[in-house]
Structures are given as C-alpha cells and as structure tokens.
Amino acid sequence: MLRAIAVEQLGEPVDRVVLTYDDRHRRRLRLTSVGGLELLLDLPQARHLRTGDRLVLEDGRRVLVEAAEEDLVELRAADASALARLAWHLGNRHTPAQILEGAVRIRPDSVLEALAVGLGARVERRAGHGHHLAARLGRHARRDQRSRARRGLDHDAGLGET
C-alpha cells in the first residue's frame with residue numbers, strides 16, 4: 001500500500017480522493033481513491049485537508065483531495081442582530097460554521113438546532129461540501145492561544161496543535 005506522506009497545493013494529480021469533513025482532518029487514515037488506488041495517509045502531524053490539496057505519495061505522484069457532499073443545516077435569522085446573537089452562541093461552543101448573508105451553516109446537531117429555534121431562527125437542511133466551515137484557528141491565533149494558556153488566561157488551556 002502506498003503512503004501519502006505530505007500535502008502540497010501544486011502538481012498534476014493522477015487520481016482523487018473524496019473525503020468527508022471528519023476525514024479531512026487526520027494524520028493517519030486508510031483511503032481508497034476514486035480510481036481504486038489503495039493508500040495510507042501517513043502525515044507527520046494531523047492537519048486539515050482542503051479541496052484542491054494534493055496528497056504526495058512516496059513515489060512522487062499526487063492525489064487530489066475533494067470534499068464529499070454532506071448534510072448541512074442552514075440557520076436563517078430574521079435580521080443582522082439575530083444573526084450576530086446566533087453566531088455568538090455557536091462560536092461560544094466552538095462550532096465549525098460558515099457565515100453567509102443572513103444565515104449560518106453548521107453540521108447537523110439536534111441540540112444546536114433546538115438552540116437556534118429557541119433564538120428565533122429557521123432551520124433548513126441543505127446538502128453541501130462543508131469545506132467552508134471554519135475548521136480551526138489560524139497559525140497566529142493558535143500561537144496567541146498557547147501564549148495565553150501559559151499565562152493562565154485561556155479557558156481552553158492545553159489545546160494541542162491541530
């Protein structure tokens with residue numbers, strides 16, 4: 001079985017893998033490409049794979065990463081103030097979300113859907129790729145978060161690199 005040992009954004013792919021949101025944040029995972037190629041994702045550390053990334057195989061070939069279509073929930077607010085309030089509650093729970101004009105998209109979650117309804121939002125099921133959901137903090141935010149944790153200022157102290 002070939003190993004995928006790195007991720008790059010360039011290079012002509014020979015095949016592609018279609019991965020769910022959860023499978024796009026891994027370090028090690030057995031995969032089967034669309035063309036039937038068996039491979040092992042074997043990265044030095046976990047990272048979030050995005051649509052368009054190329055997995056670099058140990059023989060130098062590239063395999064394109066694509067986001068699988070998945071069920072998403074679109075939460076529609078009555079106005080900008082209600083949307084901001086809803087977004088705050090989702091962010092307070094560290095929920096990966098996509099902010100849209102007048103709405104927020106999240107992965108299905110009955111508790112969060114009930115919360116949204118309680119805040120006056122409309123809940124609509126949608127199919128989508130979930131590649132616009134904010135998956136993690138950026139490099140600088142993570143560094144600042146670790147610094148705050150060392151000083152005892154962060155309620156999420158102890159979060160590791162993602």
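Keep in mind it's a predicted model, so treat the numbers as computed, not measured.

Visitor: Help me get a handle on the overall build of the protein, residues and values and all.
Guide: The number of helices and strands found in the protein is three helices and 10 strands. Counted from the first residue to the last, the protein has its helices and strands arranged as β-β-β-β-β-β-β-α-β-β-α-β-α. Burial statistics for the protein: of 162 residues in total, 35% are counted as buried. Contacts in the protein between residues at least 24 apart in sequence constitute 63% of all its contacts with a sequence separation of at least 6. When the accessible area of the protein is evaluated, it comes to approximately 9,600 Å², of which 49% is carbon and sulfur surface.

Visitor: Just give me the short version of the sheet that holds strand 7 (residues 70–76), but keep the residues and values in it.
Guide: Strands pair in a sheet through their backbones, by hydrogen bonds, and they do so in one of two ways: parallel or antiparallel. On the basis of which strands lie adjacent, the open sheet formed by four strands has the order 8-9-7-10 and antiparallel pairing. The open sheet terminates on both sides in strands that have one partner only, identified here as strand 8 (98–100) and strand 10 (122–128). Neighbour-to-neighbour, the strand axes of this sheet turn through a mean angle of 25°, independent of strand direction. Bridging between strand 7 and strand 10 involves seven bridges; their strand directions are antiparallel. Of the residues in strand 10, the one forming a bridge with Arg76 is Arg122.

Visitor: Please set out the nonpolar core residue by residue, giving values where relevant.
Guide: Counting 15 residues, the largest nonpolar core has Val17, Leu31, Leu39, Leu41, Leu49 and Leu55 as its most contacted members. Residue assignment for this core shows that the elements contributing at least two residues are strand 1 (2–8), strand 2 (13–19), strand 3 (25–32), strand 4 (38–48), strand 5 (54–57) and strand 6 (62–67). Aside from chain neighbours lying at most four places away, what touches Leu49 is Val7, Leu19, Arg24, Leu41, Leu55 and Val65. Val73, Ala77, Leu90 and Val104 belong to the second-largest nonpolar core, a separate cluster that totals 12 residues.

Visitor: Describe the environment of Gly120, listing the residues and the values that go with them.
Guide: The residue Gly120 is located in the loop between helix 2 (110–118) and strand 10 in this model. Along the chain, Gly120 and Leu75 lie 45 residues apart, while their C-alpha atoms are 9.7 Å from each other.

Visitor: Please give an account of the side chain of Asp15 that cites residues and values.
Guide: With respect to the element layout, Asp15 can be found in strand 2. For the buried residue Asp15, which engages in no salt bridge, the nearest side chain bearing the opposite charge is Arg16, 5.8 Å off. Within the structure, the side chain of Asp15 is placed 3.1 Å from the backbone nitrogen of Gly35, a separation counted as a polar contact. If near-sequence neighbours (up to four positions away) are discounted, Asp15 is found in contact with Ser33, Val34, Gly35, Gly36, Leu37, Arg62, Val63 and Leu64.

Visitor: An account of the confidence of the model for the protein is needed here, citing residue identities and associated values.
Guide: For any part of a model where pLDDT is low, the fine detail of the predicted coordinates should not be relied upon. When pLDDT is averaged along the protein, the result is 85, and 80% of the positions lie at 70 or above. Mean pLDDT across the elements of the protein bottoms out in helix 3 (residues 139–150) (47) and peaks in strand 5 (97). Contacts of residues 135–145 to residues separated by more than four positions or lying in other chains number 12 contacts, the stretch itself having pLDDT below 50. Taken as a whole, residues 154–162 scores under 50 in pLDDT and shows 15 contacts with residues more than four places along the chain or in a different chain.

Each value, and the rule that gives it
- Residues numbered from 1 in each chain as written.
- Predicted model: local features only at pLDDT ≥ 70, side-chain atom pairs only at ≥ 80, totals over all residues.
- Heavy atoms only, no water.
- Helix = DSSP H or I, 4+ residues; strand = E, 2+ residues; numbered from the N terminus.
- Buried < 20%, exposed > 50% of the residue type's maximum accessible area, 1.4 Å probe, protein only.
- Contact = heavy atoms within 4.5 Å.
- Areas by Shrake-Rupley, 256 points an atom, 1.4 Å probe, with all protein chains shown as cover.
- Pairing = 2+ DSSP bridges.
- Axes fitted to C-alpha atoms, helices over the stretch in contact; angles between N-to-C directions.
- Core = buried A, V, L, I, M, F, W, Y, C linked by side-chain atoms within 4.5 Å.
- Lys, Arg positive; Asp, Glu negative; His and termini not counted.
- Salt bridge = Lys/Arg side-chain N within 4 Å of Asp/Glu carboxyl O.
- Polar contact = N/O pair within 3.5 Å; in protein donor to acceptor, adjacent residues only side chain to side chain.
- pLDDT = per-residue confidence, 0-100.

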